[in-house]
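# Descriptive structure summary
Listed below, chain by chain, are the residues.
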Amino acid sequence: MDSEIRETESRRLSLSWLRPLLRFKLSTLMWLTVLIGIGLAWRHDRQQMDKRLARIEKLMFPPEPWAIQRCLGKPDEPTGMGSNAWCPASPDTAPEWLTLKYDKRVRPSSILIYETYATGAVNKVTGFDSRGNEVVLWTGKDPTPTGALGTLRIAVKKTIKTDRIKIYLDCPNASGWNCIDAVALLDRFGRKQWAVDAEASSVYNSGYSGYGGGGGLFIGGMSGNAIGGSGQSIGP
Ligand SMILES: [Ca+2]
């Protein structure tokens, strides 16, 4: 009997060192959970605050008509003839391009390009992978009927993950001012994102006319080739 008690006591003593360790681990886990919770709440509040500030800033300091900022967010140019769209520096002088940045990196299923003023100029759309490689997602003739308003839907077949796309416009072969109101990036589940930042080859009435590749006009912090996908017009 005595030997059993001694053995139990000995076992208890041999495991006693684990108790503070377990207490330490549990308390550490609890504090880590609290800290992560505070971090996530702070991040959420910060994002909400940034959105509110952006809305206030937009109301107080609206961008110039046809500025690059006009192609960010959801479409807001219902007539196709107004200035709530990005417009290049000239109607038919040279090819133009527009690069758009999104919050989330996704595998795109399709891209919606809301064209205004003079439709039908898009001839290529590319995406940039995580290493900055430019991959052709679609190339061809823009099927959007000629007019002041139309939406080009690009079905993306190429599998890449991207948060930045580039739209090429063959302006000399699409008469008139080829403007873009907004561009949606849809993921594999059909979830839609709107551009949060953009860069363009030139801007109407701004003095910028950096045609072709190379440096364009920035509004934010933005600084391989396989042809695929299909483009179709889905109407105004
Ligand atoms: Ca717009």
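Rules used throughout
Residues numbered from 1 in each chain as written. Predicted model: local features only at pLDDT ≥ 70, side-chain atom pairs only at ≥ 80, totals over all residues. Helix = DSSP H or I, 4+ residues; strand = E, 2+ residues; numbered from the N terminus. Buried ≥ 20, exposed ≤ 12 C-beta atoms within 10 Å, placed from the backbone. Contact = placed C-beta atoms within 7 Å. Pairing = 2+ DSSP bridges. pLDDT = per-residue confidence, 0-100. Core = buried A, V, L, I, M, F, W, Y, C linked by C-beta atoms within 7 Å.

A few words on the overall build of the protein. If you tally the helices and strands in the protein, you get two helices and eleven strands. Across the protein, helices and strands are ordered from the amino to the carboxyl terminus as α-α-β-β-β-β-β-β-β-β-β-β-β. Out of the 236 residues in the protein, the part that is buried amounts to 31%.

The next subject is the environment of Pro75. Along the polypeptide, Pro75 turns up in the loop between α2 (18–60) and β1 (96–106). Among the residues examined, Pro75 registers 19 C-beta atoms within 10 Å and is labelled partly exposed. Remark: the alpha-carbon pair of Pro75 and Asp181, spanning 106 residues in sequence, is separated by 5.7 Å. Ignoring any residue separated from it by four or fewer positions in sequence, one finds Pro75 in contact with Tyr114, Asp181 and Ala182.

Turning our attention to unusual backbone geometry. Unusually for a residue other than glycine, Trp66 sits at a positive phi of about 65°. Here Trp66 shows up in the loop between α2 and β1. Owing to 24 C-beta atoms within 10 Å, Trp66 belongs among the buried residues under this scheme. Not every positive phi belongs to a glycine, and Tyr117 is a case in point at roughly 70°. Following the sequence through the fold, Tyr117 ends up in strand β2 (residues 110–117). We classify Tyr117 as buried; it has 24 C-beta atoms within 10 Å.

If a strand is regular, its side chains alternate between the two faces of the sheet. For β1 and strand β6 (residues 162–169), the ladder comprises seven bridges, and the chain directions are antiparallel. By the bridge assignment for β6, Glu96 is matched with Leu169. Direction of pairing for β1 relative to strand β9 (residues 197–200): antiparallel, over a ladder of four bridges. Bridged to Thr99 within β9 is Glu199.

Overall, the prediction assigns the protein a mean pLDDT of 85, with 80% of residues at 70 or greater. The low-confidence segment residues 209–216, where pLDDT is below 50, has 15 contacts with residues more than four positions distant or belonging to other chains. pLDDT under 50 marks residues 220–227. Its contacts with residues more than four places away, or in other chains, come to 17 contacts.

The tendency in soluble globular proteins is for nonpolar side chains to be buried side by side. Core analysis: the largest hydrophobic core is formed by 43 residues, its most contacted members being Cys71, Trp86, Leu98, Ile111, Ile167, Ile180 and Val183. Only β1, β2, β3 (122–128), β4 (134–139), β5 (149–155), β6, β7 (178–186) and β9 provide two or more residues apiece to this core.

Along the polypeptide, Glu77 turns up in the loop between α2 and β1. Considered as a pair, Glu77 and Tyr117 are 40 residues apart in the sequence and their alpha carbons are 9.9 Å apart. Beyond its immediate sequence surroundings of up to four residues, Glu77 is in contact with Gly82, Asn84, Ala85, Thr116 and Asp181.

Attention shifts here to the environment of Trp66. Between the alpha carbons of Trp66 and Val203 there is a distance of 7.3 Å; along the sequence they are 137 residues apart. In contact with Trp66, other than residues within four places in its own chain, are Ser83, Ala85, Trp86, Cys87, Cys179, Val203, Tyr204 and Asn205.

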